[in-house]
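The residues making up each chain are set out below.
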Amino acid sequence: MHIAKKLARVNPSATLAMSQKSAQLRAAGADIIDLSVGQPDFKTPEPIAAAAIAAISSGKTSYYTAASGLPELRKAIAADIKAKKGYDYAPDQIVVTNGAKFALYAIFTAILDPGDGVLLPQPGWVSYTEQVRIAGGVPQEVPASDGFKVTVDDLDAVATKNTKAIVINSPQNPSGTVYTRQELTLIANWAVRKGILIIADEIYSDLVYNGTDYVSMLQLDPQISANTVLVSGVSKSYAMTGWRIGYAAAPKKLASALSTIISHATGNAAAVSQYAAIEAYTGDQQPVEDMRQAFEKRLNTFYPLVKAIPGFKLVEKPQGAFYIFANVRDAVNALGYDSVDTFVAALLDETGVALVPGRAFGMPDYVRLSYAKGMDDLVEAAKRITDFVNTSN
Ligand SMILES: Cc1ncc(COP(=O)(O)O)c(C=O)c1O
């Protein structure tokens, strides 16, 4: 059987692989603390679940919806963006997708001809690189020179005449870093000058901590907003990863191209999930704030524990999302492992703590620790890692 050449260099998702491995070990009876997860551990808030049940009971789920999403949902998303980011989208500029993941994939498919490039700041989320490849484009990875953030000089060093877009993810997965207004403005003006589309992945924008001033790409200047496609969804803010609802909010021409792709690729996102998402965006927002506060407490407890692990270096305290990205090169060297990957595998085998190797995010000396876990698990995980590093020494 022939598999397309463009897939030869595409790797399966390292985060999903790690979660699956720890699930298997747990099923076999091991005592696992899975810090590889990229999903909130909270239950979807009750009113959202109730809206889904009501949609099923009243028979609203037996039909296709518009491929780009229910008009009420697109209106609710536009209102949410207006309230939180101050920017006006018409509902037909919103395209509802099967998770933000598919919004990104549809965008790459819509804008890339073979050989076109997308600038991907490193560290960066695992799927951007592989999605660009699957869409026939060229991932242009840009190492960050300023901690975990890229600068215009970094971008200039990598951009080519074939560069069509840049992905800016703030708050960022895997480091939790948040770009300031000034940093975003410099990058955005550079992209506008060069005619490079800005893909603003702001899926973690409701999860910002300790008074950090969050600024959206849409809050800078109308010319920048007109050159931006916003990607977000309900997964992280509303503890709804399993419902698979994301969206792209785009200039009209791109929104229309995305609608065409979705109409042929997936059809509408599951109707029952769309009804749940309407409730998420229009209902009581207190659960979002409650979960944000819980994540903030966990960060403030877990961060100093991770910082104290011998051989773990933390560049900066995360300001958003729910991850800590630690440089573990010293620990790996001191313990005599040949790579972070083998260190992470041994840690899982011997202590039951699952982390994701930083290679998956473009930085092989690092590991990502998720704190989307209960406080007891976090404290216990930090203890197990510390003991592992100390006793193996
Ligand atoms: C940075 C980033 N973007 C997009 C997504 C996709 O989210 P979903 O497809 O669940 O909406 C994730 C999920 O982990 C993410 O971390």
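This one's a predicted model, so the numbers in the text were calculated from it and none came from an experiment. Each chain has its residues counted from 1, following the order in which its sequence is written. Confidence filtering applies because this is a predicted model: local features only for residues at pLDDT of at least 70, side-chain atom pairs given and counted only at 80 or more, and all residues used for totals across whole chains, interfaces and linings. Excluding hydrogens and water, the side-chain values take into account all heavy atoms of the structure.

**Focus: the sheet that holds strand β2 (residues 94-98)**
Within a sheet, neighbouring strands are paired by backbone hydrogen bonds and run either parallel or antiparallel to one another.
Thinking step 1. The criterion for strand pairing is that DSSP finds at least two bridges linking the strands in question. Secondary structure follows DSSP: runs of H or I at least 4 residues long count as helices, runs of E at least 2 residues long count as strands, and numbering of each begins at the N terminus. Read from one edge of the open sheet, seven strands run β2-β8-β7-β6-β5-β3-β4, paired in mixed fashion. Of all strands in the sheet, those with a lone pairing partner are β2 and β4 (138-143), marking the two edges. Between one strand axis and the next, the sheet turns by 25 degrees as a mean value, whatever way the strands run.
Thinking step 2. Bridge count for strand β5 (residues 163-169) against strand β6 (residues 197-201) is five bridges, and the pairing is parallel. When the bridges of β6 are listed, V167 appears paired with I199.
Thinking step 3. The contact definition used throughout considers only heavy atoms, calling two residues in contact when any of these lie within 4.5 Å. To get an axis, fit a line to the C-alpha atoms, keeping to the stretch in contact for a helix; angles then go from 0 to 180 degrees between the N-to-C directions. Helix-sheet contacts for helix α10 (residues 271-282) involve β2, β7 (228-233) and β8 (245-249), and the interaxial angle to β8 is about 70 degrees.

**Overview of the domain arrangement of the protein chain**
Thinking step 1. Domains assigned within the protein chain are domain 1 (5-43 + 287-392) and domain 2 (46-282).
Thinking step 2. Using C-alpha coordinates to define each centre, domain 1 is positioned 25 Å away from domain 2.
Thinking step 3. Taken together, the contact between domain 1 and domain 2 spans 38 residues of the former and 33 residues of the latter.
Thinking step 4. Two parts placed together each lose some accessible area; with a 1.4 Å probe, that loss summed over both constitutes the buried area. A combined buried area of about 3,000 Å² lies between domain 1 and domain 2, and 58% of that area is made up of carbon and sulfur atoms.
Thinking step 5. Per-residue buried area on domain 1 facing domain 2 is highest for V288, Q319 and F361; these three make up 20% of the total on that side.
Thinking step 6. We define a salt bridge as a side-chain nitrogen of Lys or Arg found within 4 Å of a carboxyl oxygen belonging to Asp or Glu. Summed over the shared surface of domain 1 and domain 2, the number is zero salt bridges.
Thinking step 7. We define a polar contact as two N or O atoms separated by no more than 3.5 Å, with the added condition that, inside protein, one atom must be a possible hydrogen donor and the other a possible acceptor, whereas residues neighbouring each other in sequence contribute only through side-chain atom pairs. For the pair domain 1 and domain 2, the interface holds 16 residue pairs in polar contact (both at pLDDT 80 or more).
Thinking step 8. Of all elements in the fold, only α1 (14-27), α11 (286-307), β9 (323-327) and β12 (366-370) reach the threshold of two or more residues within the side of domain 1 that touches domain 2.
Thinking step 9. For the side of domain 1 that touches domain 2, the leading source of residues is α11, giving seven residues. Either an automatic procedure or a domain database provided the assignment from which the domain bounds are taken.

**Some remarks on α1**
Thinking step 1. Compared with the 20 Å implied by 1.5 Å per residue over 14 residues, the 20 Å span of α1 between its first and last C-alpha is a close match.
Thinking step 2. Burial classes follow relative accessibility: with a 1.4 Å probe on protein chains only, a residue under 20% of its type's maximum area counts as buried, one over 50% as exposed, and anything between as partly exposed. Taken as a whole, α1 has its buried residues at T15, M18 and S22. Each buried residue of α1 sits inside an arc of 65 degrees when the element is viewed along its axis, so together they form one side. Among the exposed residues of α1, those pointing more than 90 degrees away from its buried face are Q20, Q24 and A27.
Thinking step 3. Here the buried face of α1 lies against β1 (33-34), α5 (126-134), α13 (340-351), β10 (353-354), β11 (356-357) and β12.
Thinking step 4. Downstream of α1 by one or two residues, G29 has phi in the positive range, about 105 degrees. Take the number of residues in a helix, subtract one, and multiply by 1.5 Å to get its expected span. Throughout, the arc means that of the directions going from the helix axis to the C-beta atoms.

**Looking at the pattern of salt bridges**
Thinking step 1. What the rule picks out here adds up to 17 salt bridges.
Thinking step 2. For R133, the salt bridge goes to E130, with nearest N and O atoms at 3.2 Å. Taken together, the positions of R133 and E130, both in helix α5 and three residues apart, correspond to about one turn of that helix.
Thinking step 3. Residue class for R133 comes out buried when judged on its relative accessible area of 15%.
Thinking step 4. Among the residues examined, E130 registers a relative accessible area of 13% and is labelled buried.
Thinking step 5. With a shortest N-O distance of 3.7 Å, D156 and K194 are connected by a salt bridge. Of the two residues, D156 sits in helix α6 (residues 152-158) while K194 sits in helix α7 (residues 181-194), which places them 38 residues apart along the sequence.
Thinking step 6. Overall, D156 belongs to the partly exposed group, its relative accessible area being 37%.
Thinking step 7. Overlapping salt bridges bring together D31, E380 and R384 as one network.

**So, the environment of D206**
Thinking step 1. Mapped onto the elements of the fold, D206 is located in the loop between β6 and α8 (222-225).
Thinking step 2. Between the C-alpha atom of D206 and that of G320, which follows or precedes it by 114 residues, the distance is 8.5 Å.
Thinking step 3. Not counting residues up to four positions away in its chain, the partners in contact with D206 are K84, S237, V288 and R292.
Thinking step 4. Only 3.4 Å separates the side chain of D206 from the side chain of K84, close enough to count as a polar contact.

**Focus on the sheet that holds β12**
Thinking step 1. The strand order across the open sheet built from three strands is β9-β12-β11, with neighbouring strands paired in antiparallel fashion. This sheet does not close on itself; its edge strands, each paired only once, are β9 and β11.
Thinking step 2. One ladder, built from five bridges, connects β9 with β12; its direction is antiparallel. Looking at β12, one finds that F325 is bridged to R368.
Thinking step 3. Sheet contacts for α11: β9 and β12; angle to β9, the most-contacted strand, approximately 10 degrees.

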